[in-house]
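Observations on the model geometry
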Amino acid sequence: MTTELTRDEIQRVAVLARLKLSDAELDSLTSELAQILGHMDQLNELDTEDVEPMVHAIELKNVFRADEVRESLPRDEALANAPKSDGRYFQVPQILEGS
């Protein structure tokens, strides 16, 4: 099964996506998308009956470290490079009204 794309179909999709494409871009996309759909047609011909579905192409493992209770950074060190602080808290510009 070969999927044929026309320039008019690409133009219609471009209008729906609110894209302004030049004539050269329309011609290029028509050709490129036709090639992509051709590859998809080839993949559709493969027998995948005995292939188990998978979430990822490669097996992944959790890369996050376990949560551990640890000593915090001392306040004076944390505030040392702050652009503005009151010695106890970071001071940042107000972004919400009313407070």
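Residues numbered from 1 in each chain as written. Predicted model: local features only at pLDDT ≥ 70, side-chain atom pairs only at ≥ 80, totals over all residues. Heavy atoms only, no water.

**Description of the overall build of the chain**
To be explicit about the condition: Helical segments are the DSSP runs of H or I of at least four residues, strand segments are the runs of E of at least two, and each set is numbered from the N terminus. With the radius of gyration taken over C-alpha atoms, the globule rule is written as 2.2 Å times the number of residues to the power 0.38. Three exposure classes are used, based on accessible area relative to the maximum for each residue type with a 1.4 Å probe and protein chains only: buried under 20%, partly exposed in between, and exposed over 50%. In this description, accessible areas are obtained by the Shrake-Rupley approach with a 1.4 Å probe, and a residue is regarded as covered only by the protein chains that are shown. Counting rule for charge: Lys and Arg are taken as positive, Asp and Glu as negative, and neither His nor the chain ends is counted. Charged groups are reduced to one reference atom each: NZ for lysine, CZ for arginine, CG for aspartic acid, CD for glutamic acid.
When helices and strands are tallied, the chain shows three helices and zero strands. Secondary structure elements of the chain occur, N-terminal to C-terminal, as α-α-α. Taken against the 2.2 N^0.38 rule, which gives 13 Å for 99 residues, the C-alpha radius of gyration of the chain at 28 Å runs more than 25% over that of a compact globule. Its C-alpha atoms give the chain principal-axis dimensions of about 70 × 45 × 25 Å. Within the chain, the proportion of its 99 residues that are buried is 7%. Carbon and sulfur atoms make up 54% of the accessible area of the chain, which amounts to about 10000 Å² in all. Looking at charge distribution, the chain has the averaged site of its 10 positive side-chain charges lying 15 Å from that of its 21 negative ones.

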